[in-house]
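Breakdown of the fold
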Amino acid sequence: MSDPAAGRVGVVGVVGLGLVGGSLARLLAARGVDVVATDTDAGTRADARAVGLRVADDLAGLCAAGPDVVVLAVPLRAVRATAVELAPLLADDATLTDVGSVKGPVRAAPAAPGVGVR
């Protein structure tokens, strides 16, 4: 559980164990944060378990762990679908955040006035 008075979060869920999500989950766990993570790829989940992370098989399992904060670390194209699947599973008082970026729109912006890749 959270302890707002102490500025501490109880459980952090990480959805997506690629470069960013995997690094975040390992760092938080190494610093004593209670982390539960998941990924759509069974091999990635197995690798995460092998390094000592607590891993759920799916979003329902992740949410069953009662995360106070859930971090979406999935490819941008998967953020919307993941959020839709996650919405009915997530506790009402949980915080949802992401590590996504705006690479596509930022890259496309110079192309519109004709100053694309040079």
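Everything below is about the structure shown above.
Residues numbered from 1 in each chain as written. Predicted model: local features only at pLDDT ≥ 70, side-chain atom pairs only at ≥ 80, totals over all residues. Heavy atoms only, no water.

A short note on the overall build of the protein chain
- Helix and strand counts for the protein chain come out as five helices and five strands.
- When the helices and strands of the protein chain are listed from N to C terminus, the series reads β-α-β-α-β-α-β-α-β-α.
- In the protein chain, which comprises 118 residues, the share counted as buried stands at 31%.
- Sequence-distant contacts, at least 24 apart, represent 52% of the contacts inside the protein chain between residues at least 6 apart.
- Here the protein chain displays about 7300 Å² of accessible surface, and carbon together with sulfur accounts for 57% of that area. (Helix = DSSP H or I, 4+ residues; strand = E, 2+ residues; numbered from the N terminus. Buried < 20%, exposed > 50% of the residue type's maximum accessible area, 1.4 Å probe, protein only. Contact = heavy atoms within 4.5 Å. Areas by Shrake-Rupley, 256 points an atom, 1.4 Å probe, with all protein chains shown as cover.)

A short note on the pairing of strand β5 (residues 95-98)
- Pairing of strand β4 (residues 69-72) with β5, which is carried by four bridges, proceeds in the parallel orientation. Residue pairing across strands places V69 opposite T95, the latter belonging to β5.
- Viewed along the sheet, the connection from β4 through helix α4 (residues 76-86) into β5 turns out right-handed. (Pairing = 2+ DSSP bridges. Right-handed = clockwise from strand over helix to strand, strands pointing away.)

A short note on the pairing of strand β1 (residues 11-15)
- Where burial is concerned, most of β1 is hidden: five out of the five residues are buried.
- The two faces of β1 match: V11, G13 and V15 on one face and V12 and V14 on the other face are all buried.
- In this structure, β1 lies alongside strand β2 (residues 34-38), joined through five bridges in parallel fashion. The residue of β2 that forms the bridge with V15 is T38.
- Traced from β1 through helix α1 (residues 19-30) to β2, the parallel crossover comes out right-handed.

Focus on the environment of L59
- With respect to the secondary-structure elements, L59 resides in helix α3 (residues 59-64).
- Sequence separation between L59 and D39 is 20 residues; the distance between their C-alpha atoms is 8.5 Å.
- Leaving out residues up to four positions away in the same chain, L59 has contacts with V15, T38, T82, E85, L86 and L89.

Examining the environment of L96
- Take L96: it is sitting in strand β5.
- The sequence separation of L96 and L86 amounts to 10 residues, and the corresponding C-alpha distance is 9.7 Å.
- If near-sequence neighbours (up to four positions away) are discounted, L96 is found in contact with V70, L72, L86 and L90.

Observations concerning helix α2 (residues 42-50)
- One side-chain oxygen at the N-terminal end of α2 lies 3.1 Å from the backbone nitrogen of G43; it belongs to D41.
- Immediately downstream of α2, the backbone of G52 shows phi near 95 degrees, a positive value. (Polar contact = N/O pair within 3.5 Å; in protein donor to acceptor, adjacent residues only side chain to side chain.)

Quick look at a nonpolar patch on the surface
- The grouping of L19, V20 and V99 at the surface amounts to a nonpolar patch, some 300 Å² of accessible area in total.
- Among the secondary structure elements, V20 is positioned in helix α1. (Patch = residues over 30% accessible without salt bridge, like charges linked within 9 Å, V, L, I, M, F, W, Y side chains within 5 Å. Salt bridge = Lys/Arg side-chain N within 4 Å of Asp/Glu carboxyl O.)

Some details on the pattern of salt bridges
- Taken as a whole, this structure holds three salt bridges when the rule is applied.
- Across the pair D34 and R54 runs a salt bridge whose closest N-O atoms are separated by 2.7 Å. Of this pair, D34 sits in strand β2 while R54 sits in strand β3 (residues 54-55), and the two are 20 residues apart along the sequence.
- The partly exposed category is assigned to R54, whose relative accessible area is 38%.
- Put simply, D57 and R49 hold a salt bridge, and the shortest N to O gap is 2.7 Å.

So yeah, pure geometry; function would need other evidence.
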